[in-house]
Amino acid sequence: MIRYKTKKDRLVITDNKTNVKYLIREQLAVFTPRPLGDPAGQKTVSTYLKLLTRTIENNDYIELPSDNVPLVLVGDVLHWLRRIPSESISCIVTSPPYWNLRDYYVDGQIGQEKTPEEYTDKLLEVSNELLRILKKDGAYFLNIGDTYIDKGLQMIPQRLAYRMLNEVKSTGKNRRKIGWLLRNQIIWYKPDHMPSPVKTRFTNTYEPILFFTRDDWEKNVYFDIDKIRIPYKSDWEDNNIGLPHSLSETEYKRLLPEIEKKNNELGYNGKFRGNEVNIGASPGGRASVTGINYIKKRKVELPQEIICDYLREWREKRNISVIELDKKLGYKYTAGHWFRKDAGGSLPTLEDWLKLKEILKFDNKYDKEMTEIHYVLQTIRKHPDGKNPGDFWEMKTAKFNKNHFSVFPEELPRRAILACCPPDGIVLDPFAGSGTTAKVAQELNRKSIMIELQPKFVDIIKERCEEIREVSYAD
Ligand SMILES: C[S@@+](CC[C@H](N)C(=O)[O-])C[C@H]1O[C@@H](n2cnc3c(N)ncnc32)[C@H](O)[C@@H]1O
């Protein structure tokens, strides 16, 4: 059996068998410990901590918000994160206290650790909990600044990111491994950055915003870029004005002289001029030189599996191997791709389909889909709603708030939430401060959870949001 005793902010666990005492200085001590049974033979503090955490996880989950009134949890970040159910949060946006920079005048605050290692240890513990509570298709935006020691930049954001990427967590029945995937390092450039007195280096004008998803991230990740498009800076016009997106073969042939005339008029004179072989490599580069260009495409793209099954059936009927097919077609290692359903598979071209038909003598079932073609315009077209904001975000710093000094601009959580939180998802800011994330989430009609240790800041959150629901340890 093991016994517990709480002493102020610490928990003493005694193993009766060995009479060994373990002291846990975590905020965990604020929980009323429950009997955990006898973890025979397991004597490390971390084992007990894990058991304790699991007990807490299983028994003490908070009730998730059901409307857009921000739920403000007052207290330590780890205390509250452990009480949020797994895979329940769609979008995390936060800015933790930076290391060695500010004092928030509250016991248990993060940021006062003696070394960058101790600081990243703490944030890593937080990030592990975040990984557990983030939905499979969720996103984590971490705005974290750096610190100088003896005139040397400590690379704190990168150190933390690196450790996060190496951290792997097992979850679920099958102890599936999950970890973090770093999708972007966004630069938040501050056009109104503070003037700096430094004489032997450059002024700091930006902060990183690390954008993570879970590494079991699948194709269905929630990312709605259309909600955060920004206007194009230059006023370039599409060079295909008035031309249809697709043409039949006859229409294309009829229009060809006009297209050629227009292209001659464009008279490209830029850096790719004369580079006709693999012009600029990018579609943009190629379009610059070739101007208006239509490419021949299948009208209907049938799923690969359907054609693969169909071809397999006919190949079996005709009893022909893939090697034989290649031989007959005059190819080497090509036919095999038509009989694969994985990423290495491909559909036969229009010409190959007709040749295959002669060899395999299959019916007409898919002839229409596989042979009907049209011509599709290949120019760069402006998106009517603007462009992807990219990974360089120019945002003025937030206006000075007399009671909270490290407020981030509303545009930061606004972009994160609009792009990565579905309308019925929950937004979380585990270091809420003055509640910028809560305010924006409420305006965007999203449910939100805020965690903040300093009760004084909760008053600011109250002021900034129409309404909040506040919960503290005592409740
Ligand atoms: C950089 S500020 C967040 C500012 C916020 N983004 C805003 O716009 O107001 C970090 C916040 O984390 C809080 N904090 C520090 N240690 C904490 C802990 N252990 N648990 C919860 N919050 C903590 C601080 O009180 C501070 O308000």
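Note that the coordinates shown come from a computational prediction; the quantities given were computed from them, not determined experimentally.

S.K.: Can you break down the overall build of the protein chain residue by residue, with the values?
M.R.: The secondary structure content of the protein chain amounts to 13 helices and 18 strands. The contacts in the protein chain between residues at least 6 apart in sequence include a share of 68% that link residues at least 24 apart.

S.K.: Describe the packing of helix α3 (residues 116-133) against helix α4 (residues 156-166), naming the residues involved and giving the relevant values.
M.R.: Packing of α3 against α4 brings their axes to within 10 Å, and their N-to-C directions diverge by 50°. One way to sum up the angle between α3 and α4 is to call them oblique. For α3 against α4, the interelement crossing comes out right-handed. When α3 is examined against α4, the residues P116, T120, L123, L124 and S127 are found in contact with a partner set consisting of I156, R159, L160, R163 and M164. Looking at the contact of α3 with α4 residue by residue, the class counts come to six nonpolar, two polar and two charged.

S.K.: Lay out the sheet that holds strand β13 (residues 294-298) in plain terms, naming residues and giving numbers.
M.R.: The antiparallel open sheet is built from three strands, whose spatial order is β12-β14-β13. The sheet is open, and its two edges are formed by β12 (246-247) and β13, each paired on a single side. For β13 and strand β14 (residues 373-377), the ladder comprises five bridges, and the chain directions are antiparallel. When the bridges of β14 are listed, K296 appears paired with Y375.

S.K.: Can you break down the nonpolar core residue by residue, with the values?
M.R.: Counting 60 residues, the largest nonpolar core has V72, C91, I92, I417 and I461 as the members making the most contacts within it. With six residues, α3 is the largest single contributor of residues to this core. Once you skip the residues sitting within four places of it in the chain, I417 turns out to touch C91, V93, V427, V440, A441, L444 and R446. Membership of the second largest hydrophobic core comes to six residues, among which are L311, L325, A335 and L347.

S.K.: So, the environment of K262: which residues are in play, and what are the values?
M.R.: Checked against the element boundaries, K262 lands in helix α5 (residues 249-266). The exposure class of K262 is partly exposed, given the 17 C-beta atoms found within 10 Å. On a C-alpha basis, the gap between K262 and I292 in space is 7.8 Å, while along the polypeptide they are 30 residues apart. Ignoring any residue separated from it by four or fewer positions in sequence, one finds K262 in contact with G291 and I292.

What counts, and at which threshold
Residues numbered from 1 in each chain as written. Predicted model: local features only at pLDDT ≥ 70, side-chain atom pairs only at ≥ 80, totals over all residues. Helix = DSSP H or I, 4+ residues; strand = E, 2+ residues; numbered from the N terminus. Contact = placed C-beta atoms within 7 Å. Axes fitted to C-alpha atoms, helices over the stretch in contact; angles between N-to-C directions. Parallel < 35°, antiparallel > 145°, perpendicular 65-115°, else oblique. Left-handed = near helix turned anticlockwise from the far one by under 90°. Nonpolar A, V, L, I, M, F, W, Y, C, P; charged D, E, K, R; others polar. Pairing = 2+ DSSP bridges. Core = buried A, V, L, I, M, F, W, Y, C linked by C-beta atoms within 7 Å. Buried ≥ 20, exposed ≤ 12 C-beta atoms within 10 Å, placed from the backbone.

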